[in-house]
Amino acid sequence: EKKGKDARLKLFTHGRPAPVGLPGASSKAAMAGADADKKAVTLTTDEKPAEKKGKDAKKDKKKEEKLSEEDEAKKEQLDLLATRAMDSDLGVADAALQAIATELRTATASMTSVPKPLKFLRPHYSKFCEHYDAMAPTATKRFFADVLSVLSTSMAKAEERKSLKYRLQGTQEGLTAWGQEYMRNLSGEIIAEYRERSEKKETTCDDLKKLVREIVPFNMKHHAEVDAVDLLLEMELIDDIVALTDANAVAKVCPYVIAQSMFAATHVERLVMLDVALKLYMKFQQYPDALRVALKVNDPERVKGVFEACADRTTSKQMAYLISRQRFAYDFDEDEELRQIASGESLPEHFKALAKELDVMEPKQPNEIYKTHLEEKEKRGAALDSAKQNLASTFTNAFVNAGFCNDKLMLVEGSAWLYKNKEHGMMSAAASLGMLLLWDVDDGLTQIDKFQWSAEEHIKAGALMAFGMVTSGINNECDPAWALLGEHLESDKPLQKLGAIVGLGFAYAGFQREDLMENLTPIIVDTGATLECSVMAALSLGMIYVASCNDEIAQSIFQSLMERQAVDGALDGALSHFFAVGLGLLYLGQQDKAETILEALEAITHPIGKYARLTVETCAYAGSGDVLKIQRLLHECAEHLEEKDAVHQGVAVLGIPLIAMGEEIGTEMCLRSIDHILQYGAMPLRRAVPLALGLMCVSDPSKIAALDTLSKLSHDADSDTALAAIFSMGLMGAGTNNSRLAGMLRQLAGFYAKDANALFMVRISQGLLHMGKGLVTLNPLHSDRLLMAPTALAALVVLTHSCLHLKSTFLGNAHY
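Residues numbered from 1 in each chain as written. Predicted model: local features only at pLDDT ≥ 70, side-chain atom pairs only at ≥ 80, totals over all residues. Heavy atoms only, no water.

*Asks:* Explain the overall build of the protein residue by residue, including any values.
*Replies:* Across its full length, the protein holds 42 helices and five strands. Across the protein, the fraction of contacts at a sequence separation of at least 24, relative to all contacts at a separation of at least 6, is 69%. With the model as given, the accessible surface of the protein reaches about 38600 Å², and the carbon-plus-sulfur share is 51%. (Helix = DSSP H or I, 4+ residues; strand = E, 2+ residues; numbered from the N terminus. Contact = heavy atoms within 4.5 Å. Areas by Shrake-Rupley, 256 points an atom, 1.4 Å probe, with all protein chains shown as cover.)

*Asks:* Quick rundown of the environment of V470? Include the residues and the values.
*Replies:* Relative to the elements of secondary structure, V470 occurs in helix 24 (residues 457-470). A relative accessible area of 0% means that V470 is categorised as buried. Sequence separation of V470 and L436 is 34 residues, and the distance between their C-alpha atoms is 8.3 Å. Excluding residues within four positions of it along the chain, V470 makes contact with G434, L437, L438, W439, D440, V441, L445 and I448. (Buried < 20%, exposed > 50% of the residue type's maximum accessible area, 1.4 Å probe, protein only.)

*Asks:* With reference to specific residues and values, describe the side chain of S316.
*Replies:* Take S316: it is sitting in helix 17 (residues 313-326). For S316, a relative accessible area of 6% gives the class buried. In contact with S316, not counting residues within four places along its chain, are F307, C310 and L338.

*Asks:* Run through a negative patch on the surface, naming residues and quoting values.
*Replies:* A contiguous patch of negative charge, built from E301, E308, D331, D333 and E334, is present on the exposed surface. On the accessibility criterion, D333 (57% relative accessible area) is exposed. (Patch = residues over 30% accessible without salt bridge, like charges linked within 9 Å, V, L, I, M, F, W, Y side chains within 5 Å. Salt bridge = Lys/Arg side-chain N within 4 Å of Asp/Glu carboxyl O. Lys, Arg positive; Asp, Glu negative; His and termini not counted. Charge placed at Lys NZ, Arg CZ, Asp CG, Glu CD.)

*Asks:* Which residues make up helix 22 (residues 424-436), and what values go with them?
*Replies:* Taking 1.5 Å of rise per residue, 13 residues should cover 18 Å, and helix 22 covers 19 Å from first to last C-alpha, within 8% of that figure. The buried fraction of helix 22 is high, at 13 of 13 residues. (Expected span 1.5 Å × (residues − 1).)

*Asks:* With reference to specific residues and values, describe the packing of aromatic side chains.
*Replies:* For the coordinates displayed, the defined rule picks out twelve aromatic pairs. Measuring from centroid to centroid gives 6.5 Å for Y508 and F511, while their planes differ by 65°, and the two rings are edge-to-face. Assessed through its relative accessible area of 4%, Y508 is described here as buried. Counting every residue linked through ring pairs, the aromatic cluster contains F128, Y132, F144 and Y166. Sitting above the plane of the Y132 ring, K141 keeps its charged end 4.8 Å from the centroid. (Phe/Tyr/Trp six-rings, centres within 6.5 Å; stacked < 30°, edge-to-face > 60°. Lys NZ or Arg CZ within 6 Å of the ring centre and 35° of its normal.)

*Asks:* Outline the layout of surface pockets, supporting the account with residue identities and numerical values.
*Replies:* Of the pockets and cavities examined, the second largest pocket occupies roughly 880 Å³. Together, 44 residues line the second largest pocket, and R270, K296, L786, L787 and M788 are the ones closest to its centre. Among the elements of the structure, helix 13 (250-261), helix 14 (267-283), helix 15 (287-297), helix 35 (664-680), strand 5 (787-788) and helix 41 (790-803) are those that each provide at least two residues to the lining of the second largest pocket. Split into classes, the residues belonging to the lining of the second largest pocket amount to 23 nonpolar, eleven polar and ten charged. (1 Å grid on protein atoms, 1.4 Å probe; cavity = no way out; pocket = protein on both sides within 12 Å on 5 of 7 lines; lining within 4 Å. Points joined across faces, edges and corners; volume = space filled by probe spheres on them. Nonpolar A, V, L, I, M, F, W, Y, C, P; charged D, E, K, R; others polar.)

*Asks:* Give a description of the packing of helix 32 (residues 608-620) against helix 33 (residues 627-638) that names residues and reports values.
*Replies:* One way to put it is that helix 32 packs onto helix 33 with a least axis distance of 11 Å and a crossing angle of 155°. Taken as axis vectors, helix 32 and helix 33 run roughly antiparallel relative to one another. Note on packing geometry: the crossing formed by helix 32 with helix 33 is left-handed. Contacts between helix 32 and helix 33 pair L614, E617 and T618 from the former with K629, R632, L633 and E636 from the latter. Looking at the contact of helix 32 with helix 33, its residues break down into two nonpolar, one polar and four charged. (Axes fitted to C-alpha atoms, helices over the stretch in contact; angles between N-to-C directions. Parallel < 35°, antiparallel > 145°, perpendicular 65-115°, else oblique. Left-handed = near helix turned anticlockwise from the far one by under 90°.)

*Asks:* Could you give me a rundown of the nonpolar core, with the residues and numbers involved?
*Replies:* Note that soluble globular proteins tend to have their nonpolar side chains buried in a common cluster. Grouped together as the largest cluster of nonpolar side chains are 170 residues, with contacts concentrated most on I557, L583, Y587 and M761. Leaving out residues up to four positions away in the same chain, I557 has contacts with I524, A538, F579, G582, L583 and L586. If you look at the next biggest cluster of nonpolar residues, it comprises 90 residues, including F120, L232, A249 and F332. (Core = buried A, V, L, I, M, F, W, Y, C linked by side-chain atoms within 4.5 Å.)

*Asks:* Give me the lowdown on helix 14, citing residues and values where you can.
*Replies:* Counted at 1.5 Å a residue, the expected span for helix 14 with its 17 residues is 24 Å, and the 24 Å between its end C-alpha atoms agrees. Residues of helix 14 that are buried include every one of H267, R270, M273, L274, V276, A277, L278, L280 and Y281, and no others. Those residues of helix 14 that are buried are in contact with helix 11 (225-234), helix 12 (241-244), helix 13, helix 15 and helix 16 (300-309). Note on helix 14: the residue one or two positions beyond its end, Q285, has a positive phi of about 55°.

*Asks:* I'd like to hear about the pattern of salt bridges, residue by residue, with values.
*Replies:* Counted by the stated rule, this structure contains 41 salt bridges. Close ionic contact of K162 with E160 constitutes a salt bridge, the shortest N to O distance being 4.0 Å. Taken together, the salt bridges that share partners define one network made up of R161, E193, E196, R197, K200 and D207.

*Asks:* Provide a residue-level description of the packing of helix 30 (residues 577-586) against helix 41, including the pertinent values.
*Replies:* Contact pair helix 30 / helix 41: the axes reach a minimum separation of 11 Å and the direction vectors enclose 160°. Between helix 30 and helix 41, the crossing angle belongs to the class labelled roughly antiparallel. For the pair helix 30 and helix 41, the crossing hand works out as right-handed. Within the contact between the two elements, helix 30 uses F578, V581 and L585 and helix 41 uses A794, V797, V798, H801 and S802. Tallied by class, the residues present in the contact of helix 30 with helix 41 amount to six nonpolar, two polar and no charged.

*Asks:* Explain the confidence of the model for the protein residue by residue, including any values.
*Replies:* Put simply, the protein has an average pLDDT of 84, and 90% of its residues get 70 or more. Counting contacts from residues 377-385, a segment whose pLDDT is below 50, to residues more than four positions away or on other chains yields 17 contacts. (pLDDT = per-residue confidence, 0-100.)

*Asks:* Let's hear about the environment of L80: which residues, and what values?
*Replies:* In this structure, L80 sits in helix 3 (residues 69-85). A relative accessible area of 43% places L80 in the partly exposed class. Linking L80 and A96, residues 16 residues apart in sequence, is a C-alpha distance of 8.7 Å.

Right, dumping it as structure tokens:
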């Protein structure tokens, strides 16, 4: 406020302040203007304005601040240079511009302030632009454009992209001399311009690419690798990074490129990024990392190239172990040593050595896991020796002692435990021997052999499954699983045929054996075979050829669905849904390659058609983190349908964590989406929510929010929801021995002591929790969460789809 203004006036009426500072009003006028009925008190201040507080005071203070002598001199100097830069004499103008350029290049600034030359030249910017437009084309004008390009960084509007405009009209030299902040701003404008030209279908972007090829080398030399990669990705020039990366930068560039591939718009773009990472690792002879990328791409040719390039024998052996862990079908030709490592034959030896080191070789009984003495006694009372509870103990025993080749229930001399189960229970009990003797091909097959000669058909079928499970993941050159199981595919006894089919699926998961395709494909389309055999043949081939996009198998499954939909009731059972699961496994993680089969499935008018389409789509985009697909699945969940027509919505719910798996931010976002489904979704959706949570956090009980949600749902009024939640708690803690989860499951065992089905699920979850005594996991992610084992993920897909039909699978006769 200026001197001479009228005094500030305050009116206080009945203790409350009236509006302050009436301009030009004296105290008398103020009193006259007050309401006559109210008493008014006037206070006249001195002529000195009242002090301002807060932001206003700071602003005024800044205005009053005077420049220091040094700054004043600098301002005057720059004002003079600005005037001379617009001189008609080109020699004078050129000298002034050179001086301004030197000032701009040598200026320094703190993190919170603009460099002083930019600050002092701001008032001249508009005049500079006008003068530049009026200049005739000369070398001076081009240099003027360079200076204006730098000034535009802080003075022009971002959407005008003047910095880029003047740069393109300038000398095209000395770009990197202007500093990193200038180039960062210019990079942003280049990207915006490139997008605009791409949208307009303009083909000429050479001028922009020339600038990019100047900026990127500078960024790489000055530890701004991330900026360099981002710019090249936006300009679709990511291949250029290979030549610019040195041995020191590869550790930054490759992980960032791989991480960015998760957010690629298309599958092709993703493969381009991964291929760049592979080339960089190969360039600097980091072969194990190169192999990880080749396995992520799922390309045998790239894998072969990595092994051929690696000359170090120790490194080659390490890579062979990685091949074994991923269960990748790779032929080592004549190299017997690497073939043996990759075959997994040494797995039981290493597993037992670890168990001895940790002193966990002693077998455990189911009761030691249940700790029934800690359950609430007054709630105990279920018939624990019933067939269903005996079957639960069989499963628990198999999970806990998996791979140890020793237990106190089944493998004890003279044990009659097998016969304490009934019919299909006996089949699962016999099959559980395969898990106890897991990976031990030499001794395991011998111990199981006697059971295949049993007079009981169910035990024979279970023994055939056990043969397959023992050799699961072991690529033995003698091929014992096929020798033992192949002949039973022609059996006229459905149970034996079923056992052989399931056993082959266990034994050769991920191995892509052509002879198995030739033998199992006819069973899929054979309408004379039982539905169970046809379904399991489709599922086994889906496991064997997982992520292979095999057209022949896909056509067989599609043909079977088309033929069966013509027969009333042929596809109405819960088991028929596993045709869709087998089909989905063929395209696991293959994204766009599933488009053809998805279009073909439109021809199936039976409700299972929609189930199949969603299953194939969710499997195809598993682990991709594709946000658009997740949105589509949420739209599917939003439809309000009758319960009998909403079976496919459960698949949509399961698809959300399946697609987001492996990407931390996406997983967190999915937890929120699933919580909304739980609150507002219909019953078919709510029943799938616990399974989605279990799949999202498999073998990871550290996600407390998800665990608490499952704990609440395990007491849900809807029995199917409660059973799914109980099982998902087991999935979440699988192989972790988590004490908090163990306590929760013991409480549930007491709570459901009189509910045979719920108690059965609790016991299975307890077995999963202590699986392998804490030495095994169900998590498909490995190698620092970069790789996802296709067979492990495929098994989880089958398991969660089984849980959507609990009463027909786990609680029916298909628990095997």
